[in-house]
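# Architecture and fold: a report
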Amino acid sequence: MTPRIRRLRRQSLEAPASLSAERALLVTDYLQRLASAGDPVVVQRAKLFRHILAEKALHIGPGELIVGERGPAPKAVPTFPEICLHSPEDLALLHERPKVTYRSDDDLRRAYRERIIPFWQGRSMREKIFAAVDADWRAAYEAGVFTEFMEQRAPGHTVLGDIIYRRGLDDLRGEIAAAIAALDFFDDPLALDRRDQLAAMDIAAGALIAYARRHAVHLEKLAAGEPDARRAEELAALAGICRRVPAAAPATFWEALQYYWFVHVGVITELNPWDAFNPGRLDQHLLPFYRRDLAAGRLTAPQARELLQAFWIKFNNHPAPPKVGVTAKESNTYVDFALINLGGVTAQGRDAVNELTYLLLEVVEEMRLLQPSSMIQLSRKNPDRFLRRALEIVRTGYGQPSIFNTEAIVQELVRQGKSVEDARCGGASGCVESGAFGREAYILTGYFSLPKILEVTLHNGIDPRTGRRVGPATGAAADWTRFEELMEAFARQVRHFADVKIKGNNIIERLYARHMPVPFMSLFIEDCIATGRDYTAGGARYNTSYIQGVGLGTVTDSLSAIRFNVFERRLFDMPRLLELLATDYHGAEALRRRILEETPRYGNDDEAADALLAAVFEIYYAAVDGRPNTRGGAHRINLLPTTVHIYFGSVTGATPDGRKAGAPLSEGISPVQGADRRGPTAVLRSAAKIDHIRTGGTLLNQKFIPQIFEDEAGLQGLVGLVRSYFRMDGHHIQFNVVDAATLRRAQEDPDSHRDLIVRVAGYSDYFVDLTPELQEEIIQRTAHEAF
Amino acid sequence: MSAVKGIVFDLKKFAIHDGPGIRTTVFLKGCPLACWWCHNPEGQAPRPEAMCGPRAAAGPMATGETVGRTLSVAGLLAEIEKDTIFYDTSGGGVTFSGGEPLAQPEFLGAALSACRQAGLHTALDTSGYAPRDVLARVAPAVDLFLYDLKLMDDQRHRRCTGVSNHPILENLAWLAATGRTLAVRLPLVPGITDDAENLGAAADFLAGLQRAPRVDLLAYHRIHNDKYRRLGRANPMGDTAPPGAAALEAARAIFAARGLPVSIGG
């Protein structure tokens, strides 16, 4: 690490996350005073975007090599009142809560009180959404059957493809002009909408060019006043870059990174999309620039490394926008989920690992930052060296990179209807979600709690926590004489809640398309220009809506416990089970232990338990997969939790598997914490009984004690584990390499463990920033030993 | 498949230190030796026995757990074959350990043949203390011998393991002479096996074999201490500390000096 990078990194780590009112005030000001009433919504959004970029303060830090900040300073986080209007109480909570804090000052609170809240009250998307959904939706949402991704953040999952490396914005504006000229007002009934959309995209493109030029002017001034000749030269070079990109296509490695970064800042300024924004296959996109610059003597490998590290720090300077309420619980983190993909295969299906892949892995290893997150895509065509290099970084205990199966991702995407080339150029983003990078709007819509639905099923459609009816009456559990009756009732409830969720999605997607188009982001997602349609309205080549199933382990073990204890060995009957659940096993600890110890459970390669897992999967899949969304695409499932299994657990009573009321659910497709007793191969075999190819991503967490990574046999063993799991079509696996003693010490003494990063669920986070419940759960996850 | 049954006291999946790749190690119960440093004392007695759980305070009957269960070859194979994909991918297989697996010759022979038929790589972790004809019968179905060598002096061997080392040394020489793939494993037990005299004699013996084998030096560890308590038995080693890095290196040098390929750890 160069001294400069060390300094920038430290600044990024030490800066506290704070809120900035700048954007909210610019947005408010624009709409109050400047907006023309005659502009269509999409044009108004584009002009608003232009206004923000023209007026916002510029920040160019000493020594920076990549420029552009969303807020006025690193980790100063803007708000998005048009999506979610924070109340004074929200601001106080964000300021004071012990974890994932966002500081704010009196000026910000006054601005909110006096200007932002009075204007936005009643106008935010959050309010529009809650007003538009129906009573069934609200009942299920409030009961904790599902969550809603779009209630505080705009539709996300936008991973960039290769477009910016090939084309400058001037070129894209030329395409826009040609598309407008080619509009057919005689035979195309949507011609006017397309013209508005394309005009807005042109304004947005111009806005980013102007924003880059503002940087150029500022950099030139800095260069003129810079006493250090080398830095002055650097500033002048950077000014030159900001004059060329993003107007023109990048010619050098440095220009490519700076171009991406301007686009990144633009996307996350336009709105606060879920799963931020992401350059995706960075080792593929940058390779031609890297090789060309090296050959021409314009760049050395150490210089490239320094530029990449400066680029990494920019991500870390941008914590996720603040979340409150259920959304804060389902995704309780500063992480904004940019996930750099390394490795995999090329569009033609060849091994894509290259020298830049390894350089990027070095950057990951050295930077040890929360953001961006990183993963490797492991194809059967990639060498073991690649996987071993990744495992060497994993063993340092910081949870990155996670490991994905390229062949599974490609099959998943092709099954969903993508071309094989587009699938190969795709990858995983956010936590584990598959998508065709640069060509797909694949929007996560909410988590879906399968254990909560089982609880509702066992109570004939009533949520026992509140006594409210939330689902249909599917029969009294006490009357069932066969296990199959339970499964039929459960399937009906799953179908009901999937219906309710999908109906809500179809409303919410249209609300976004109508009120919150994203003409800037649409510039970069093919085929939005060609179709003249917005990213939110089906302009992308592929359009998917995901619903993320949660608690597969808990629901499988619960069903297994009912079958085994009630219907097979008749340890107790159904009324007794309901009583045990109602009393949270009070006074029945010995019985609860027997249930925990003796029930066949998921994660042990046990056919009886795993067959129920497969049955639940089929029920959930059938309820969701292939059902149309509003954007010309379809709903799909995936299986991942972020931190929602804690929240869902908190609103779910005791479950038949012996889990106590309020305890976390199992996460991702991992077994219930501590249920797997037969080692990692049994877990992987069980997990592979899910048909991963029919999902859009699954998340499997494996915790290992550090010793396993210490010798050659251990490393080879892990290589074998990963390769075997992927041969069985497993989608993703991540390793947590920390021992319980270390975590306990960190709980007792958080201050000396600020840098302890652990894998949570599809992302890494600072251990000391996790809630006590989540900390406890990380410790509880079975640590596998090797023998 | 053979109807022969055997007594197994543990079956460990994802075993990565018992031969190449990812393996399942099958622990057969019963051993003619009683080494002071034995780290699987629950494998010594041939019959199932009571052992208390890891968290129980003391006494074998506290929260009873029976060590050892009877398994058919077919039942054993079904469990082993669940992990075939891991063996295939990593170049792993099955390891028979114990106890002394050669002490259940019928079961071991049948299980090894069944593994062979299933196309699995087989390893035999043995003390070598068995009649030659027993060894000769199973040897063709073993791909790799993990062969323990402890003490070269017969008196010392008798005292610390309860048996003579003559059959062990003779069997080892025979295996080497018949071209079997061998890795010799020597436990470095402080004050018992780690003196220069014993190690030098072992190194000389191994270097003199028809084909010099690879040597793995296994450092004594205390992981087993708890097992003695749970079996309600006294631990013969008391609180002996594991060997330090210098002792390990000194031992390694003795074998390296004879030109033997040697490593610490298995």
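Residues numbered from 1 in each chain as written. Chains lettered and ligands numbered in written order. Predicted model: local features only at pLDDT ≥ 70, side-chain atom pairs only at ≥ 80, totals over all residues. Heavy atoms only, no water.

## Quick word on the overall build of chain A
Put simply, the rule is: What counts as a helix is a DSSP run of H or I of at least four residues, what counts as a strand is a run of E of at least two, and both are numbered from the N terminus. Here the radius of gyration uses the C-alpha set of atoms, whereas the globule reference equals 2.2 Å times the residue count to the power 0.38. Think of it in three bands: residues with accessible area under 20% of the maximum for their type are buried, residues over 50% are exposed, and the middle band is partly exposed, with areas taken using a 1.4 Å probe on protein chains only. We call two residues in contact whenever any of their non-hydrogen atoms come within 4.5 Å of each other. The method behind every accessible area is Shrake-Rupley, applied with a 1.4 Å probe, and residues are considered shielded solely by the protein chains displayed. Residues scored as charged are limited to Lys and Arg (positive) and Asp and Glu (negative), so that His and the chain ends carry no count. A single reference atom marks each charge: NZ on Lys, CZ on Arg, CG on Asp, CD on Glu.
Looking only at helices and strands, one finds 33 helices and 17 strands in chain A. Its C-alpha radius of gyration of 26 Å places chain A within 12% of the 28 Å reference for a compact globule of 787 residues. C-alpha extents for chain A along the principal axes are approximately 85 × 60 × 55 Å. For chain A, buried positions account for 66% of its 787 residues. Residue pairs at least 24 apart in sequence account for 77% of intrachain contacts in chain A once pairs closer than 6 positions are excluded. By element, 52% of the accessible surface of chain A is carried by carbon and sulfur atoms, the whole surface being about 25000 Å². Each charge sign in chain A was given a centre, from 96 positive and 101 negative side chains, and these centres are 2 Å apart.

## Comments concerning the side chain of His 157 of chain A
Residues and elements named next belong to chain A. The cut-off we apply is this: The definition of a polar contact used here is a pair of N or O atoms within 3.5 Å, where within protein one atom must be able to donate a hydrogen and the other to accept one, and adjacent residues in sequence count solely through side-chain atom pairs.
Mapped onto the fold, His 157 is located in the loop between helix H7 (135-143) and helix H8 (163-166). His 157 gets classed as buried once you look at its relative accessible area, which sits at 1%. In this structure the side chain of His 157 is engaged in a polar contact, spanning 2.7 Å, whose partner is the side chain of Ser 429. Once you skip the residues sitting within four places of it in the chain, His 157 turns out to touch Trp 274, Asp 275, Ser 429, Gly 430, Glu 433, Glu 440, Tyr 442, Leu 444 and Tyr 535.

## Section: the interface of chain B and chain A
To keep things clear, this is the line we draw: Note on definitions: buried area is the accessible-area loss of two parts on being combined, 1.4 Å probe, summed for both. What makes a salt bridge here is a side-chain nitrogen of Lys or Arg within 4 Å of a carboxyl oxygen of Asp or Glu, nothing more.
Tallying the contact residues gives 16 residues for chain B and 22 residues for chain A. Summing the contributions of chain B and of chain A, the shared interface buries around 1700 Å²; its carbon and sulfur component is 64%. Contact with chain A buries surface across chain B, with Phe 14, Lys 82 and Phe 86 of chain B losing the most and accounting together for 36% of the total. The tally of links from chain B across to chain A stands at one salt bridge. In this structure, Glu 79 of chain B and Arg 678 of chain A form a salt bridge, with 3.3 Å as the shortest nitrogen-oxygen distance. The tally of links between chain B and chain A comes to seven residue pairs in polar contact (both at pLDDT 80 or more). At the level of elements, strand S1 (5-15) and helix H2 (84-90) of chain B are the ones that each hand at least two residues to the side of chain B that touches chain A.

## Here's the deal with the pairing of strand S11 (residues 542-550) of chain A
Residue and element names in this part refer to chain A. As a reminder of what qualifies: We treat two strands as partners when DSSP finds at least two bridges between them.
Burial within S11 is extensive, with nine of its nine residues counted as buried. Both faces of S11 are covered, namely the face carrying Tyr 542, Thr 544, Tyr 546, Gln 548 and Val 550 and the face carrying Asn 543, Ser 545, Ile 547 and Gly 549. Pairing of strand S8 (residues 440-449) with S11, which is carried by nine bridges, proceeds in the parallel orientation. Residue pairing in the sheet places Ser 449 in a bridge with Val 550 of S11. Looking at chain direction, S11 and strand S12 (residues 634-639) are connected through six bridges and run parallel. What sits directly across from Thr 544, in S12, is Ala 634.

## Digging into the sheet that holds strand S2 (residues 23-28) of chain B
All names here are of chain B. We count it as follows: Axis lines are fitted to C-alpha atoms, over the contacting stretch for helices. Their N-to-C directions set the angle, which ranges from 0 to 180 degrees.
Within the open sheet, the nine strands sit side by side as S5-S1-S2-S6-S7-S8-S9-S10-S11. Their pairing is mixed. Edge positions in the sheet fall to strand S5 (69-72) and strand S11 (262-264), since each has one partner strand and no second. Pairs of neighbouring strands in the sheet enclose a mean axial angle of 30°, with direction left out of account. Where strand S10 (residues 214-219) and S11 come together, three bridges link them in parallel fashion. Looking at the pairing, Leu 217 lines up with Ile 264 of S11.

## Thoughts on the pattern of salt bridges
All names here are of chain A. Under the counting rule described, the total for this entry stands at 78 salt bridges over all chains. We note a salt bridge from Arg 4 to Glu 306, for which the minimum N-O separation is 2.9 Å. In this pair, Arg 4 sits in helix H1 (residues 3-14) while Glu 306 sits in helix H15 (residues 301-316), placing the two residues 302 residues apart along the sequence. Of the two residues, Arg 4 and Glu 306, both sit in the buried class. One connected set of salt bridges, linked through shared partners, spans Asp 162, Arg 166, Asp 422, Arg 439, Glu 526, Asp 527 and Arg 541.

## Brief notes about the sheet that holds S8 of chain A
All names here are of chain A. Taken together, three strands build an open sheet; the order of strands is S8-S11-S12 and the sheet is parallel. What marks the edges here is a single partner per strand, and that holds for S8 and S12. Ignoring which end each strand starts from, the neighbouring axes of this sheet average 30° apart. On the sheet, helix H21 (residues 450-458) packs against S8 and S11 and is oriented at approximately 40° with respect to S8.

## Some thoughts on the packing of helix H18 (residues 384-398) of chain A against helix H31 (residues 712-727) of chain A
All names here are of chain A. Our working definition: Each angle receives one of four descriptions, namely roughly parallel if under 35 degrees, roughly antiparallel if over 145, roughly perpendicular if within 65 to 115, and oblique otherwise. Crossings are sorted by hand: turned counterclockwise from the far helix by less than a right angle, the near helix makes the crossing left-handed, and turned clockwise it makes it right-handed. Residues are grouped as follows: Ala, Val, Leu, Ile, Met, Phe, Trp, Tyr, Cys and Pro are nonpolar; Asp, Glu, Lys and Arg are charged; all remaining types, including Gly, are polar.
The interhelical angle for the contact between H18 and H31, taken along N-to-C directions, is 115°, at an axis separation of 10 Å. It follows from the interaxial angle that H18 and H31 lie roughly perpendicular. Crossing handedness for the pair H18 and H31: right-handed. Note on element contacts: H31 touches H18 through Glu 712, Leu 715, Gln 716, Leu 718, Val 719, Val 722 and Arg 723, opposite Asp 384, Leu 387, Arg 388, Leu 391 and Arg 395. A per-class count over the contact of H18 with H31 returns six nonpolar, one polar and five charged.

## Thoughts on the nonpolar core
Put simply, the test is: Buried Ala, Val, Leu, Ile, Met, Phe, Trp, Tyr and Cys residues form a nonpolar core when they are joined through side-chain atoms within 4.5 Å.
Phe 253, Phe 524 and Phe 735 of chain A are the most contacted members of the largest nonpolar core, which totals 223 residues. Once residues lying within four places of it in the same chain are set aside, the contact partners of Phe 253 of chain A are Leu 286, Phe 289, Tyr 290, Asp 293, Leu 299, Ala 304, Leu 307, Leu 308 and Leu 356 of chain A. Among the nonpolar cores identified, the runner-up in size contains 55 residues, and Leu 28, Leu 112, Ala 114 and Val 215 of chain B belong to it.

## Examining the packing of aromatic side chains
All names here are of chain A. Test applied: Stacked, edge-to-face and tilted labels apply to pairs of Phe, Tyr and Trp rings (six-membered ring for Trp) whose centres lie within 6.5 Å, assigned for plane angles under 30 degrees, over 60, and everything in between, in that order. We call a charge positioned above a ring when the Lys NZ or Arg CZ atom is no farther than 6 Å from the ring centre and deviates by at most 35 degrees from the ring normal.
A full pass over the atoms with the stated rule returns 28 aromatic pairs over all chains. Measuring from ring centre to ring centre gives 6.5 Å for Tyr 358 and Phe 386, while their planes differ by 85°; the resulting arrangement is edge-to-face. Of this pair, Tyr 358 sits in helix H17 (residues 355-367) while Phe 386 sits in helix H18, placing them 28 residues apart in sequence. Ring plane angle 70° and centroid distance 5.2 Å describe the contact between Phe 520 and Phe 524, whose orientation is recorded as edge-to-face. Like Phe 524, Phe 520 is buried. Among the aromatic residues, those joined into a ring-pair cluster are Tyr 260, Trp 261, Phe 277, Phe 311, Trp 312 and Phe 315. When the ring centre of Phe 483 is taken as reference, the NZ or CZ atom of Arg 563 above it lies at 5.6 Å. The ring of Tyr 621 carries the charged tip of Arg 694 above its face, separated from the ring centre by 4.5 Å.

## Overview of the pairing of strand S3 (residues 339-343) of chain A
All names here are of chain A. This is how it is decided: With the strands pointing away from the viewer, any crossover whose connection runs clockwise from the first strand over the helix to the second is right-handed.
Within S3, five of the five residues are buried, which leaves it mostly tucked inside the rest of the structure. One ladder, built from five bridges, connects S3 with strand S4 (residues 373-378); its direction is parallel. Along S4, the bridge assignment pairs Gly 343 with Gln 377. Between the parallel pair S3 and S4, the chain is carried across by H17, and the sense of this crossover is right-handed.

## Regarding the environment of Lys 56 of chain A
Residues and elements named next belong to chain A. Summarising the element assignment, Lys 56 is placed in the loop between helix H3 (41-55) and strand S2 (76-78). A relative accessible area of 2% means that Lys 56 is categorised as buried. Residues Lys 56 and Arg 23, spaced 33 residues apart in sequence, show a C-alpha to C-alpha distance of 7.4 Å. Among all residues touching Lys 56, those that are not within four sequence positions of it are Glu 22, Leu 26, Glu 69, Arg 70, Gly 71, Tyr 211 and Arg 214. Looking at Lys 56, its side chain comes within polar contact range of the main-chain oxygen of Arg 70, at 3.3 Å.

## Overview of helix H32 (residues 740-748) of chain A
Rules: As used here, the arc belongs to the directions running from the helix axis to the C-beta atoms.
Of all the positions in H32 of chain A, only Thr 742, Leu 743 and Ala 746 of chain A are classed as buried. Looking down the long axis of H32 of chain A, one finds its buried residues gathered within 95° of arc, a one-sided arrangement.

Coordinates in, geometry out; function isn't part of it.
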